[in-house]
Amino acid sequence: MASPHVSGIAAMLKSAHPDWSPSAIKSAITTTANPLDNTQKRMTVATTNEPTTPYGTGSGLIDPNRALDPGLIYDATPQDYVNLLCSMNFTEDEFKTIARSAINHHNCSNPSDDLNYPSFTALYEFDRDGNNYPLLVKKFTRTVTNVGSGAARYRALVKVPKNTSISVSPQVLTFGKKYEKKRYTLTIRYRGEGRESYVFNYGSITWAEQNGKHTVRSPISVSPIILPWGEF
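Counting starts from 1 at the beginning of each chain's written sequence and moves along it residue by residue. Only residues with pLDDT of 70 or above have their local features reported here, since the model is predicted, and side-chain atom pairs are shown and tallied only from 80 upward, although totals for entire chains, interfaces and linings are computed over all residues. Side-chain figures throughout are based on the complete set of non-hydrogen atoms in the structure, without hydrogens or water.

- UniProt positions are given in the numbering used here, feature names are shortened, and annotations may be inferred rather than shown by experiment. Listed under Sequence similarities (unreviewed entry) in UniProt, the entry text for the protein chain is "Belongs to the peptidase S8 family."

Considerations on the state of the cysteines
Then comes step 1: Two cysteine sulfurs form what is called a disulfide whenever their separation falls within 2.5 Å. Tallied over the entire structure, the rule returns one disulfide.
Then comes step 2: Covalent S-S linkage joins Cys86 and Cys108, the inter-sulfur distance amounting to 1.8 Å. A torsion of -80° about the S-S bond marks the disulfide between Cys86 and Cys108 as left-handed. Of this pair, Cys86 sits in helix 5 (residues 78–86) while Cys108 sits in the loop between helix 6 (92–99) and strand 2 (120–124); the two residues are 22 residues apart in sequence, bridging distant segments of the chain.
Then comes step 3: A relative accessible area of 18% places Cys86 in the buried class.
Then comes step 4: Note on exposure labels: buried denotes an accessible area under 20% of the residue type's maximum, exposed denotes more than 50%, and partly exposed covers the range between, all computed with a 1.4 Å probe on protein chains only. Of the residues examined, Cys108 reaches a relative accessible area of 43% and is grouped as partly exposed. Here a strand is any run of E in DSSP of at least two residues, a helix any run of H or I of at least four, and the numbering for each starts at the N terminus.

A look at the sheet that holds strand 5 (residues 164–169)
Then comes step 1: We treat two strands as partners when DSSP finds at least two bridges between them. Spatial ordering of the open sheet is given by 1-3-7-5, a layout of four strands whose pairing is antiparallel. Pairing within the sheet leaves two strands with one partner each, and these edge strands are strand 1 (72–73) and strand 5.
Then comes step 2: Examined bridge by bridge, strand 3 (residues 135–146) and strand 7 (residues 181–191) share 11 bridges and lie antiparallel to one another. When the sheet's bridge partners are listed, Val144 is paired in strand 7 with Lys182.

Observations regarding the packing of aromatic side chains
Aromatic rings considered in pairs are described by the distance between their centres and by the relative angle of their planes.
Then comes step 1: Side-chain rings of Phe, Tyr and Trp, where Trp is taken by its six-membered ring, are said to pair if the distance between their centres is within 6.5 Å; with planes under 30 degrees apart they count as stacked, over 60 as edge-to-face, and otherwise as tilted. Taken as a whole, this structure holds three aromatic pairs when the rule is applied.
Then comes step 2: Between the aromatic rings of Phe120 and Phe140, the centroid separation amounts to 5.2 Å while the plane-to-plane angle is 85°, which identifies the pairing as edge-to-face. Of this pair, Phe120 sits in strand 2 while Phe140 sits in strand 3, placing them 20 residues apart in sequence. The same class applies to Phe120 and to Phe140, which are both buried.
Then comes step 3: One cation-aromatic arrangement involves Lys138 over Phe140; the distance from NZ or CZ to the ring centre is 5.6 Å. Comment: the charge-over-ring label is applied if NZ (Lys) or CZ (Arg) is within 6 Å of the ring centre and within 35 degrees of the ring normal.

Quick look at the pattern of salt bridges
Then comes step 1: Salt bridges are defined by distance alone: a side-chain nitrogen of Lys or Arg within 4 Å of a carboxyl oxygen of Asp or Glu. In this structure the tally under the stated criterion is five salt bridges.
Then comes step 2: Put simply, Arg142 and Asp114 hold a salt bridge, and the shortest N to O gap is 2.5 Å. Within this pair, whereas Arg142 is found in strand 3, its partner Asp114 is found in the loop between helix 6 and strand 2, the two being separated by 28 residues in sequence.
Then comes step 3: For Lys182, the salt bridge goes to Glu180, with nearest N and O atoms at 3.4 Å.
Then comes step 4: According to the relative accessible area criterion, Lys182 is partly exposed, its value standing at 28%.

Side note on the nonpolar core
Then comes step 1: The biggest cluster of nonpolar side chains holds 24 residues, and the ones touching the most others in it are Val168, Tyr184, Leu186, Ile188, Ile205 and Trp207.
Then comes step 2: Mapped onto this core, the elements with two or more residues apiece are strand 2, strand 3, strand 4 (152–159), strand 5, strand 6 (172–175), strand 7, strand 8 (201–209) and strand 9 (215–224).
Then comes step 3: The element that contributes the greatest number of residues to this core is strand 7, accounting for four residues.
Then comes step 4: Residues count as neighbours in contact if any of their non-hydrogen atoms are within 4.5 Å of one another. Setting aside residues up to four positions removed in sequence, Ile205 forms contacts with Phe120, Ala156, Leu157, Val158, Val168, Tyr184, Leu186, Val216, Arg217, Ser218 and Ile220.
Then comes step 5: Grouping buried Ala, Val, Leu, Ile, Met, Phe, Trp, Tyr and Cys residues that are joined through side-chain atoms within 4.5 Å yields what is termed a nonpolar core. In this structure, Ile9, Ile25, Ile29 and Ile73 belong to the second largest nonpolar core, which totals 10 residues.

Put into C-alpha cells, the structure is as follows:
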C-alpha cells in the first residue's frame, strides 16, 4: 500500500503547490518524514526485531501535514537528472532508453554524480577478506530553497554515523525572503575497522529553524560496495 499512499500525498501537494516540481514534492515528503515508530523508537525489521537502515525504511513514516509546509526543499531540474545519467558511463542506446524525450532538449556538457537530492549516500570499497581498512572522503554540495512564509534562519544538526566524521559548511543558513536559495557542502570522512566495516552506518543532517517550527531532515548512510554475501 505504500505506492498509492505516496501517490495520493504527492497529488495533494501538487494541488496545494501547483508550481512545485516533482523533485520539490519528493523533497517535501522525504525531509518531513518521521524515522521513529509509534513508540518513538527506531523502526525494526519485523522478522528479526533488529533496527532497520535507511535502505529499508527510506526517510521514515510520511507526515502529509508537515509535507505541506516543509520549510526548505531540495529541488532539481530535468537537466540535473540528465547530468547524473551523463556521469554513469551508459552507452548511447542505454542513455536514450532512460532519458527518452529529454535527450532531444538537453546535453551532456556538464556531467555530475552529485544530484541535488534530499539524502546522502557514501559508498566505500572493501575486500571480501577484510584485509584492507577502507578510508573514504566524500564531499556533497546541496542547494536548498526557502519555501516558508518569509525570512528564516536554520542551523545544521548532525547525527554522525559510526567511525565517521562529518563537516557542514556553512553551519547556519540565513534566508532574507521566500524562494531564496542557499548552498552548503557536507563532507563525510569514514575510517573502517576491519570486518566490522561490513555493517551499514547511518545518521542524518537536520536543518532546524531557529525561532520557528520547521525541521528539515535528510538521511545519511555510509556503506560498503561489496558485502560478504555478494555485491549490491
